[in-house]
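Reading the structure
Below, each chain spelled out in residue letters.
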Amino acid sequence: MHVQIYHNPDCGTSRNTLAMIRNAGIEPEVIAYLTQPPERAVLRAMIANAGLTVREALREKGTPYAELGLGDPVLTDDQLLDAMQAHPILINRPFVVTPLGVRLCRPSEVVLDILPSPQRGAFAKEDGERVIDAEGRRVCR
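Note that the structure is predicted; figures quoted are calculated from it, not measured.

A few words now on the overall build of the protein chain. Looking only at helices and strands, one finds three helices and six strands in the protein chain. The secondary structure elements of the protein chain, listed N-terminal to C-terminal, are β-α-β-α-α-β-β-β-β. In terms of overall size, the protein chain behaves like a compact globule, its C-alpha atoms giving a radius of gyration of 16 Å where 141 residues would be expected to give roughly 14 Å. Within the protein chain, buried positions represent 46% of all 141 residues. Accessible area of the protein chain: about 7,300 Å², with a carbon and sulfur share of 51%.

Next up on the list: the environment of Leu81. Inspection of the secondary structure assignment puts Leu81 in helix α3 (residues 77-86). Leu81 gets classed as buried once you look at its relative accessible area, which sits at 0%. Residues Leu81 and Arg44, spaced 37 residues apart in sequence, show a C-alpha to C-alpha distance of 7.8 Å. With residues near it in sequence (within four places) discarded, Leu81 still touches Arg40, Leu43, Arg44, Ile47 and Val54.

Further remarks concern the environment of Tyr33. When you line up the elements, Tyr33 lands in the loop between β2 (29-32) and α2 (40-49). Discounting chain neighbours no more than four positions away, the residues touching Tyr33 are Tyr6, His7, Asn8, Pro38, Pro88, Ile91 and Arg93.

This part covers the side chain of Thr17. Looking at where Thr17 falls in the secondary structure, it is placed in helix α1 (residues 12-23). Discounting residues that sit within four places of it in the chain, Thr17 has contacts with Ile5, Pro94, Val96, Cys105, Ser108 and Val111.

Looking now at the pairing of strand β4 (residues 101-104). Bridging between strand β3 (residues 95-98) and β4 involves four bridges; their strand directions are antiparallel. Looking at β4, one finds that Val96 is bridged to Arg103. What sits between β3 and β4 in their antiparallel hairpin is a turn of two residues.

In this section: unusual backbone geometry. For residues that are not glycine, phi is negative in most cases, and the peptide bond is trans in most cases. Residue Arg93 is joined to Pro94 through a cis peptide bond whose omega torsion reads 0°. Geometrically, the link from Arg106 to Pro107 is a cis peptide bond, its omega value of 0° lying close to zero.

As summarised here, the arrangement of the four strands in space is β2-β1-β3-β4, forming an open sheet in which the pairing is mixed. Both outer strands of the open sheet, β2 and β4, are each paired with one neighbouring strand and no more. Adjacent strand axes in the sheet meet at a mean angle of 15° when their direction is disregarded. Summarising the sheet, strand β1 (residues 4-7) and β3 pair through three bridges and their orientation is antiparallel. Within β3, the residue paired with Gln4 across the bridge is Val97. Contacts from α1 reach β1, β2 and β3 within the one sheet, and its direction differs from that of β1 by about 160°.

Overall, the coordinates contain ten salt bridges when judged by the stated rule. Close ionic contact of Asp78 with Arg44 constitutes a salt bridge, the shortest N to O distance being 2.4 Å. Pair noted here: Asp78 is in helix α3 and Arg44 is in helix α2, with a separation of 34 residues, a long-range link. By relative accessible area, which is 34% here, Arg44 ends up partly exposed. The residue Asp113 makes a salt bridge to Arg138 at a minimum N-O spacing of 3.1 Å. Here Arg138 lies in the segment after β6 (130-132) and Asp113 lies in the loop between β4 and β5 (123-124), a separation of 25 residues in the sequence. You can call Asp113 partly exposed: its relative accessible area is 49%. Under the relative-accessibility criterion, Arg138 is labelled partly exposed at 43%. Here the salt bridges share partners, and the residues they tie into one network are Arg40, Arg44, Asp78 and Asp82.

Thresholds applied
- Residues numbered from 1 in each chain as written.
- Predicted model: local features only at pLDDT ≥ 70, side-chain atom pairs only at ≥ 80, totals over all residues.
- Heavy atoms only, no water.
- Helix = DSSP H or I, 4+ residues; strand = E, 2+ residues; numbered from the N terminus.
- Rg over C-alpha atoms; globule rule 2.2 N^0.38 Å.
- Buried < 20%, exposed > 50% of the residue type's maximum accessible area, 1.4 Å probe, protein only.
- Areas by Shrake-Rupley, 256 points an atom, 1.4 Å probe, with all protein chains shown as cover.
- Contact = heavy atoms within 4.5 Å.
- Pairing = 2+ DSSP bridges.
- Axes fitted to C-alpha atoms, helices over the stretch in contact; angles between N-to-C directions.
- Salt bridge = Lys/Arg side-chain N within 4 Å of Asp/Glu carboxyl O.

By themselves, these figures tell us nothing about what the structure is for.
Put into structure tokens, the structure is as follows:
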């Protein structure tokens, strides 16, 4: 079973997502997308398979989004993809690809919807929020 995470180790959401994948007993392919950005066709397909528009997959915070004028609604998907390829920090994260689908895992527990294996025990996010109980079941908020 092949699982990929487009990961930024400086991002808490990305770290929590990776930890939940591992809590399911899966060791994913970790792709450091800032240094190994996906090819354009892969990025386009990943965004589409996640049910997003290219604009929805753009990250604004902590990026050159404003400086590049990417909020301009006349920009095409191709222009936005060009910017994402030139500046991978503009790719929102973490994207996770599994045999069950692709998701932008924001919040991190979205990953639970596409993991092919159940959680193996309790899990809490870095901030202490419980997500999975001791029996491996999702905690309702």
